[in-house]
Amino acid sequence: MPPTLASLVQHSALKLTVRAGEDHLDVPVRWAHVSELADPVPYMEGGELLLITALKLDAEDPEVMRRYVKRLAGAGVVGLGFAVGVNYEDIPAALVEAARQEGLPLLEVPRRTPFLAISKAVSAAIAADQYRAVTAGFAAQRELTRQALTDGPEGLLTALASQVDGWAALYDASGAVVATAPEWAGRRAARITADVERLRERPAPASSVVGGPDNEDRVELHSLGTGRRPRAALAVGTAAALGTAERYAVHSAIALLTLTTERSRSLHAAEQRIGTAVLRMLLAGEPDHARAVAGDLYGVLLDAPFRVIVAESVVVSGSASAALAAVENPPRVPSGAKPSAAGLAAASGTDGDPLGALAEIVESAAARAGEAVLVVPEGERLVVLAADGGAAVAACAEYATALEAARAGSAGRETAAGEEDELVVGLSAPAGPIAAAAAYKQAEQALSVARRRGRVCVEHEQLAAGSVLPLLADDAVRAFADGLLRALHDHDATGRGDLVASLRAWLSRHGQWDAAAADLGVHRHTLRYRMRRVEEILGRSLDDPDVRMELWLALKATSVE
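All figures in this text were calculated on a predicted structure; none of them were measured in a lab. (Residues numbered from 1 in each chain as written. Predicted model: local features only at pLDDT ≥ 70, side-chain atom pairs only at ≥ 80, totals over all residues. Heavy atoms only, no water.)

### Some thoughts on the packing of aromatic side chains
Definition in use: Classification of ring pairs rests on two measures: the distance between centres of Phe, Tyr or Trp rings, Trp counted by its six-membered ring, which must be within 6.5 Å, and the angle between planes, read as stacked under 30 degrees, edge-to-face over 60 and tilted in between. Working definition: with a 1.4 Å probe on protein chains only, accessible area under 20% of the residue-type maximum means buried, over 50% means exposed, and in between means partly exposed.
Summed over the entire model, instances satisfying the criterion amount to two aromatic pairs. Summarising the aromatic geometry, the rings of Phe82 and Tyr88 are spaced 6.1 Å apart at their centres and angled 55° between planes, so their arrangement reads as tilted. Grouping residues by exposure puts Phe82 and Tyr88 together as buried. For the pair Trp506 and Trp513, a centre-to-centre distance of 5.5 Å together with 40° between the ring planes defines the contact as tilted.

Below, the structure is given as structure tokens:
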């Protein structure tokens, strides 16, 4: 504790006597200052014990003393020390009364006590308090380091909460609560995730102070990590502002957690290299070798059905991005996920790197659920192996749904000019290690469909459940169809027959002459003549099933809007 007026009064060598303000002696003293100015207020900072002899004051004038004391109290002076036996044998009654009215402590300083002794006492007490704070801070640092080495971040949080007499919480890169101490603080920590999200948007290192939920406490938030984007965040909740020792403890915790975070990044890079090797072996059809390399790190993932996720970042113009959202039907995503607040927040905070955001979200979800996930950057792609039905797949679905909702919300509104990166995801059906290559191909196929349809995420199982016709809505397919049917359209444009409509009717009736002719309202011989003309113009035989298939798909492609 810093020195107070009470501790100075109790100092046996100073022999100070309280003449006014007995109820306000517990205030801290920042410094002891001597001034004989009639108005020393411009030179005060607040928290001082002002020492005077009233050399230039009319200390017996009640009005002068009232104004003098009022200005001192307004400037934050915590006490007034008056030396008796110098200019006045006793403290004038006017000064005593003015001090009582303002509630300003007034101390009588005997002649044998020099002001220098009081200044030394204050200075020594402040130095002792600072020494205690530094000593306590070093002790806290040793304890936090010991806990971090033995019990990890959880142990460190427990020690930190004890040091600050409050609570502490650790958040991951997505803003989700990872650990709290004590356990009862989990609910409080969860209620300030919005503040953590705002902190993540600022370049690291960053910090902020927020009021606790329902004004429960004072919460400090600190970003963790050395990169531009925070890797995690620390929250410290206390009933009052932190003291010097507590501040040392918090800074030590930040340093230790940052080291842990950076070490985790190095371990993550090593794990990612192992994951890349495992993925390559699986795709090469070597599941036994992949399992041996995976070991305990990814072995659990290969013991149950998993899904392969292939994601790409595509560049679209701002106006095209909004238009894509209005083209397709409402999106379907795995597991029936719906947009959540967390998903929308993540979708809005990609920082121009949708693949990085997806990797961060999937890995955070897997870590919270305690499940293995394999995330491998592959050139301009991101490949993920995640447990079927697990938290990582659900997080991917939620993120995709949030992006779809954001696109749909921007449809119909003016968007900024320029280009932006957008995420496209393909998801395979559940598979095992033996079928990993097939699952990867499924994810690629789903990715291709998602890209063509302007969707964020397409699941391979959706492809078989839908129709092949939307796949024809491709510029290359339409160009082929237009080229194949152009001669027939040119013929019909001269008014010499309706060959395109006749061909469509005949193919739709599977070559049944009577039924097709009835649909057209012509005689079957007329229809036969028209089909011969089609063969002559195209130079192809309608008896060839491949020709009939190509013509039917060409007709469908030209009719797809």
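### A closer look at the state of the cysteines
Rule in force here: Cysteine sulfurs are considered disulfide-paired once they come within 2.5 Å of each other.
For the structure on display, the rule yields zero disulfides. Cysteine Cys396 shares no disulfide, and the gap to the nearest cysteine sulfur, in Cys457, comes to 5.4 Å. Cys396 gets classed as buried once you look at its relative accessible area, which sits at 4%. Of the residues examined, Cys457 reaches a relative accessible area of 2% and is grouped as buried.

### Examining the pattern of salt bridges
The condition that has to hold: A pair is scored as a salt bridge if a Lys or Arg side-chain nitrogen falls within 4 Å of a carboxyl oxygen belonging to Asp or Glu. A run of H or I in DSSP becomes a helix once it reaches four residues, and a run of E becomes a strand once it reaches two; helices and strands are each numbered from the N terminus.
Scanning all chains against the criterion turns up 24 salt bridges. Of the charged contacts in the structure, one is a salt bridge between Arg146 and Glu143, with a shortest N-O distance of 2.9 Å. Linking Arg146 with Glu143, this pair stays in helix α4 (residues 115–164), spanning three residues, or about one helical turn. Take Arg146: its relative accessible area is 45%, and that puts it in the partly exposed class.

### Re the sheet that holds strand β7 (residues 177–181)
Selection rule: In this description, strands pair whenever DSSP reports at least two bridges between them. Inter-axis angles, ranging from 0 to 180 degrees, are taken between N-to-C directions of lines fitted to C-alpha atoms, where helices are fitted over the stretch in contact.
A sheet is described by the order of its strands in space; here five strands give the open sequence β7-β6-β10-β9-β8, paired in antiparallel fashion. At either margin of the open sheet sits one strand with a lone partner, and together these are β7 and β8 (207–211). Averaged over neighbouring strand pairs, the angle between their axes works out to 20° when direction is ignored. Note: strand β6 (residues 167–171) against β7, four bridges, orientation antiparallel. Residue pairing in the sheet places Ala169 in a bridge with Thr180 of β7.

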